[in-house]
Amino acid sequence: MSLSPAEVWKRILDRARQELPDQTFQAWLEPTEALSIEGSTIFVGAPDQFTADWNDSKHADLLSSYAPIVLGHPLNVVFRVNEERKRRSQMDFFVSPPPPSPSAIPTKGSPPLNGTSAPLSERYTFDLFVIGKSNELAAAAAHAVSQAPGKVYNPLFIYGDTGLGKTHLMQAVAHETLQRSPATRITYVGTEQFMNELISSILDRTGAEFRRRYRETDLLLIDDVHFLKGRKETTQEEFFHTFNALYEAGRQIVLTSDRPPSEIAGLEARLISRFQWGMVADISMPDFEHRVAILKQKAQLDRLELTIPDDVIHFIAEHVRSNVRELEGSIIKLLAYASLKHKDITVDVAREALRDKLRALEGFEPEPLGSLTILTIQQAVAKEWGVTVDGLRSKTRTKTLTTPRQIAMYLTRELLSTQLVEIGNAFGGRDHSTVIHSLEKVQQTITDDSALRARINRIRNNLENFNFRMTRRVETTAVL
């Protein structure tokens, strides 16, 4: 007896549930259903085009590979939008109302969303968010939240270094939610603004109005909650009660930070606990392919695709590795430089224009002899502690290596002002939250440990003297 499409799909999903992370399965595969089987293909309905495209690109081949295992014969899986919007009862909240007219969606320069809110950027939508390995979980969670505010991943906590797309995803949730339900009350603020308004409400005795604004919203978006670090009890107390009021009312909360909740020093335990109730998703530095895609999209959005050749795009993607803002800024700077110099855009012109952004990699201009480098700092610290530079860069976490590794990170940040992502890469590919923890650990330790402080000061002085001597040597050689 042949199986129905629903039974076939159930068998494939049961297998997928065993293999895929719970968050991925719930966000992308749970709200789907079998539509029909035609020949050797099963067509599967998704609630919207975004989900259909995502599943086709990320999951279709994997799900097809399960068919011979669970069915005994091959079967291709193809996703399409389920026009009839039929849903299992437990997934009813994925049904969306007709989208509003474009004028109903606030964008840059439009009035605030809820009295106190900042306007949304017209470019911060899901359609314009470039998804790669570094951000796919955060993107999936954000999209799931926009389909069912308050019902999945509440709160959604997105963390990552500056310029990697946290705010973009947060605002994309707001855009999509307004598309589905234009009457949604949305409040979007930074943590600093929240605190300033709280202080003003205390001074002006308008606490009731402050609480009403924040606790009666349907979707609360708060950027940079790491600024709660070390704030007075009053601020954290109000934030705690606001969080509870919204959560208990089934209203959605989305937060961003430069580090996970557990690493925000000085944050009350009860807030850390609540931030972790829903989904905590990180965004890391994009890989090469992802950076190319980001640059091409930037060129396309600004209608520059015919101006910037592919080899220049690849050159920038190879050398500018810090964050998305740096990538986009590189395109702008290159165009300005080429226009000013009246030159065509080539790799050589890009090398000239972006000299300060580009890494000292093989085949590229090396750093001057007199400049202090991360390697110099690593060598000095390794010598002081009797370990090797390779040990500092390794994944080994013994105390013999952990302490000097953290100190080398600390000195790198202090002496070179190196970005967190770059420091992490120089020390074995560690993520930015690990680097933040290392910097704070050293800062805390040297406050109490005078012997360690003196030791670090000695290394610092040696490095600064070395840098001075080498610079003078280069200047003297140039004169001669």
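All of the points below concern the structure found in this document. (Residues numbered from 1 in each chain as written. Predicted model: local features only at pLDDT ≥ 70, side-chain atom pairs only at ≥ 80, totals over all residues. Heavy atoms only, no water.)

## Examining the layout of surface pockets
Phase 1 of the analysis: Space inside the second largest pocket adds up to approximately 640 Å³.
Phase 2 of the analysis: Contributing to the lining of the second largest pocket are 31 residues, with Y124, G165, H168, V324 and E328 lying nearest its centre.
Phase 3 of the analysis: In terms of residue count, helix 11 (residues 288-301) provides more of the lining of the second largest pocket than any other element does, 5 residues in total. (1 Å grid on protein atoms, 1.4 Å probe; cavity = no way out; pocket = protein on both sides within 12 Å on 5 of 7 lines; lining within 4 Å. Points joined across faces, edges and corners; volume = space filled by probe spheres on them. Helix = DSSP H or I, 4+ residues; strand = E, 2+ residues; numbered from the N terminus.)

## Section: the packing of aromatic side chains
Phase 1 of the analysis: All told, the structure shown has 11 aromatic pairs when counted by the stated rule.
Phase 2 of the analysis: Centroid distance F239 to F275: 5.9 Å. Interplanar angle 80°. Geometry classified as edge-to-face. With F239 in helix 9 (residues 233-248) and F275 in helix 10 (residues 269-275), this pair connects stretches of sequence that are 36 residues apart. In terms of burial, F239 and F275 fall into one category: buried.
Phase 3 of the analysis: With a centroid separation of 6.1 Å and an interplanar angle of 55°, the aromatic rings of F243 and F275 are classed as tilted. Of the two residues, F243 is situated in helix 9 and F275 in helix 10; the sequence distance between them amounts to 32 residues.
Phase 4 of the analysis: Residue class for F243 comes out buried when judged on its relative accessible area of 2%.
Phase 5 of the analysis: Looking at F275, the relative accessible area reads 0%, which means it is buried.
Phase 6 of the analysis: A cation over a ring is seen here: R270 above F240, with NZ or CZ 3.9 Å from the ring centre.
Phase 7 of the analysis: Across from the ring centre of W385, 3.9 Å away, lies the NZ or CZ of R455, which sits over that ring. (Phe/Tyr/Trp six-rings, centres within 6.5 Å; stacked < 30°, edge-to-face > 60°. Buried < 20%, exposed > 50% of the residue type's maximum accessible area, 1.4 Å probe, protein only. Lys NZ or Arg CZ within 6 Å of the ring centre and 35° of its normal.)

## Side note on unusual backbone geometry
Phase 1 of the analysis: The omega torsion of the bond from N154 to P155 falls at 5°, within 30 degrees of zero and hence cis.
Phase 2 of the analysis: In this structure, H342 takes a positive phi of about 55° despite not being glycine.
Phase 3 of the analysis: Structurally, the position occupied by H342 is in the loop between helix 13 (324-341) and helix 14 (347-353).
Phase 4 of the analysis: Phi at S417 is positive, roughly 55°, even though this residue is not glycine.
Phase 5 of the analysis: Note that S417 resides in the loop between helix 17 (399-416) and helix 18 (420-426).

## Considering empty space enclosed by the protein
Phase 1 of the analysis: Summed over all chains, the structure comprises 2 cavities of 30 Å³ or more.
Phase 2 of the analysis: When its volume is computed, the largest cavity comes out at roughly 40 Å³.
Phase 3 of the analysis: In this structure, the largest cavity is lined by F194, L220, I222, F239, T242, F243 and I253.
Phase 4 of the analysis: Where the lining of the largest cavity is concerned, the elements lending two or more residues are strand 6 (219-223) and helix 9.
Phase 5 of the analysis: Per-element accounting of the lining of the largest cavity gives the leading share, 3 residues, to helix 9.
Phase 6 of the analysis: Each residue belonging to the lining of the largest cavity can be placed in one class, and the counts come to 6 nonpolar, 1 polar and no charged. (Nonpolar A, V, L, I, M, F, W, Y, C, P; charged D, E, K, R; others polar.)

Treat this as a map of the structure, not an account of what it does.
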